[in-house]
Amino acid sequence: MTDAAWISGEPAREAEFRDYYELLKPRVMRLVVFTAAVGLLTAPGMVHPVIAFATILCIAVGAGASGALNMWWDADIDAVMGRTAKRPIPSGRVSGDEALAIGLALSGFSVAFLFLFGNALAAGLLAFTIFFYAVIYTMWLKRATPQNIVIGGAAGAFPPVIGWAVVTGNTSIEPWLMFGLIFMWTPPHFWALALFRNDDYTDAAVPMLPVIKGTRATRNQVWWYSLALAPVAILPAFTQVGGPVYLIAATVLNVMFLSGAWKIYRRNDEGARADKFKVEKKFFGFSILYLFLHFVLLLLEAALKAVGLVISGWPVIL
Amino acid sequence: MTKNGITPDTHEIYGRRKTRNIGVGVMLIATVGMIFAVTIVKLSDGVNIQGYDHTFETTPGEGER
């Protein structure tokens, strides 16, 4: 596949089914499914398992649709970056037009079905999420400002709120704290990646923080955002969805996260290059586990409550 | 080789089309199955399936007088 091929929109060969599946960013979808499921399962009340399955599927497909729209719009820069050059469009397996059609069709279907299976609020939030990721983040912020992922992170933070809305028909402080957790986690997570993938973003002229402000500023920001993340991550312990198990484990996780961020803050590029960005890569890997475990803890608290294992007098301040 | 001497086309493009067609078929069947399952659940729960413009008849219909 030559560059001319994706520019013309013609695929180099006919696509297999898995090429279309790849358009939906399956790895991102897994996180979306998990966080939406936690939002749904920790919400007060319950829905029939069939409804729960169907609505989470709608949320996953909606997220996948926005991923396809993202790949359609970003095919030019994806082709330049090593991390993304093998995606279906730049590698010539799917045409840009096909990706656009799939993205638009699945966006419409996912929102319509979520409205029918769930409720209007959940469907509205999903529609807004798709719009935010595809238009606000992908088409506007990503190439316009080094704050792209700070604001764009909101798109990835909505799924637990949507899951909660499916059950309750409204939202409250708990899902918004889950939103805050993902939202505040996104910048240090992606800036750690950007530190050791700086060349990619520079080649593609994507104004990531290290490209525009330099790596020193990025290291500082990783630390300050991690510091701001900690209270947001621990606060759910004092809501209806939290408890002592969450408090203890989240505190440990945040101490570990801050320790990693501190190491990044204290380093410079010479040190990082000397050990091939070992600290940054380790922090990036741990950040995925960090987020996953916070949501596992929320599920665990819900399970403990379901079997009656609650501490009476636990302070619920929010 | 077939009876009339024509070899079936075994170009790899057909393999790719086949996976695509099977994939789309499975997705369509799964979608129909999901809509059916949700419909059954909603009807079992006694959800209101009357249209938004439904109004109660306050007088007997023509044939019921």
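Model, not experiment: these values are computed from the prediction. (Residues numbered from 1 in each chain as written. Chains lettered and ligands numbered in written order. Predicted model: local features only at pLDDT ≥ 70, side-chain atom pairs only at ≥ 80, totals over all residues.)

Let's shift gears to the overall build of chain B. A count of helical and extended segments in chain B gives 1 helix and 0 strands. Buried positions account for 2% of the 65 residues belonging to chain B. (Helix = DSSP H or I, 4+ residues; strand = E, 2+ residues; numbered from the N terminus. Buried ≥ 20, exposed ≤ 12 C-beta atoms within 10 Å, placed from the backbone.)

Another point: the packing of helix α3 (residues 26-42) of chain A against helix α9 (residues 159-168) of chain A. Residue and element names in this part refer to chain A. Across the interface, α3 lies against α9 with an axial gap of 7 Å and an inter-helix angle of 40°. Put simply, α3 runs oblique to α9. The interaxial crossing formed by α3 with α9 has right-handed handedness. Residue-level contacts link Val32, Thr35, Ala36, Ala37, Val38, Gly39 and Leu40 of α3 to Pro159, Pro160, Val161, Ile162, Gly163, Trp164, Val166 and Val167 of α9. Of the residues contributing to the contact of α3 with α9, the split by class is 12 nonpolar, 3 polar and no charged. (Axes fitted to C-alpha atoms, helices over the stretch in contact; angles between N-to-C directions. Parallel < 35°, antiparallel > 145°, perpendicular 65-115°, else oblique. Left-handed = near helix turned anticlockwise from the far one by under 90°. Contact = placed C-beta atoms within 7 Å. Nonpolar A, V, L, I, M, F, W, Y, C, P; charged D, E, K, R; others polar.)

Here we take up the domain arrangement of chain A. All names here are of chain A. We note that the domain assignment places domain 1 (1-171) and domain 2 (180-311) within chain A. Relative to domain 2, the C-alpha centre of domain 1 lies at a distance of 23 Å. Of the residues lining the interface, 21 residues belong to domain 1; the matching set on domain 2 comes to 20 residues. When residues of the side of domain 1 that touches domain 2 are traced back to their parent elements, those giving at least two are α3, α5 (75-80) and α8 (148-157). Among the elements that make up the side of domain 1 that touches domain 2, the one with the highest residue count is α8 (7 residues). (Domains from an automatic or database assignment.)

On to the interface of chain B and chain A. Many structure descriptions define interface size as the accessible area lost when the parts assemble. With 10 residues of chain B at the interface, the matching set in chain A holds 9 residues. Taken together, the residues that form the side of chain B that touches chain A break down as 5 nonpolar, 2 polar and 3 charged.

All right, on to unusual backbone geometry then. Residue and element names in this part refer to chain A. Even without being a glycine, lysine 25 presents a positive backbone phi close to 50°. According to the C-beta neighbour criterion, lysine 25 is partly exposed, with 19 such atoms within 10 Å. The phi angle at lysine 276 is positive, at roughly 55°, despite the residue not being glycine. Relative to the helices and strands, lysine 276 is located in the loop between α15 (269-274) and α16 (278-306).

Now for the confidence of the model for chain A. This prediction gives chain A a mean pLDDT of 94; 96% of its residues lie at or above 70. Under a pLDDT of 50 for its full length, residues 1-5 of chain A has, in the predicted model, 7 contacts with residues more than four places off or in other chains. (pLDDT = per-residue confidence, 0-100.)

Attention now moves to α3 of chain A. In this model, α3 of chain A (17 residues) spans 24 Å end to end at C-alpha, consistent with the 24 Å of a helix rising 1.5 Å per residue. Contact partners of the buried residues in α3 of chain A: α4 (49-73), α9, α10 (173-196) and α16 of chain A. (Expected span 1.5 Å × (residues − 1).)

All names here are of chain A. For the pair α9 and α10, interaxial distance at closest approach is 8 Å and the crossing angle is 160°. The angle between α9 and α10 falls in the class roughly antiparallel. For the element pair α9 and α10, the recorded crossing hand is right-handed. Residues Pro160, Val161 and Trp164 of α9 touch α10, and the partners they reach there are Pro175, Trp176, Met178 and Phe179.

Once that is clear, we can look at the environment of glycine 163 of chain A. Residues and elements named next belong to chain A. Within the secondary structure, glycine 163 sits in helix α9. Separated by 80 residues in sequence, glycine 163 and arginine 83 have C-alpha atoms that sit 31 Å apart. Dropping the residues within four chain positions of it, glycine 163 is found in contact with Ala36, Ala37, Val38, Gly39, Leu40, Ile56 and Ile59.

Below, the discussion takes up the environment of methionine 178 of chain A. All names here are of chain A. Note on placement: methionine 178 falls in helix α10. In this structure the C-alpha to C-alpha distance between methionine 178 and leucine 24, which are 154 residues apart in sequence, comes to 23 Å. Once you skip the residues sitting within four places of it in the chain, methionine 178 turns out to touch Gly39 and Pro160.

With that settled, consider the nonpolar core. Residues and elements named next belong to chain A. With 98 residues, the main nonpolar core has Leu40, Ile59, Ala68, Leu114, Leu126 and Ile162 as its most contacted residues. A domain split of this core shows at least three residues from each of domain 1 (1-171) and domain 2 (180-311). Ignoring anything within four residues of it in the chain, the contact list for isoleucine 162 reads Ala36, Gly39, Ile59, Ala122, Leu125 and Leu126. (Core = buried A, V, L, I, M, F, W, Y, C linked by C-beta atoms within 7 Å.)

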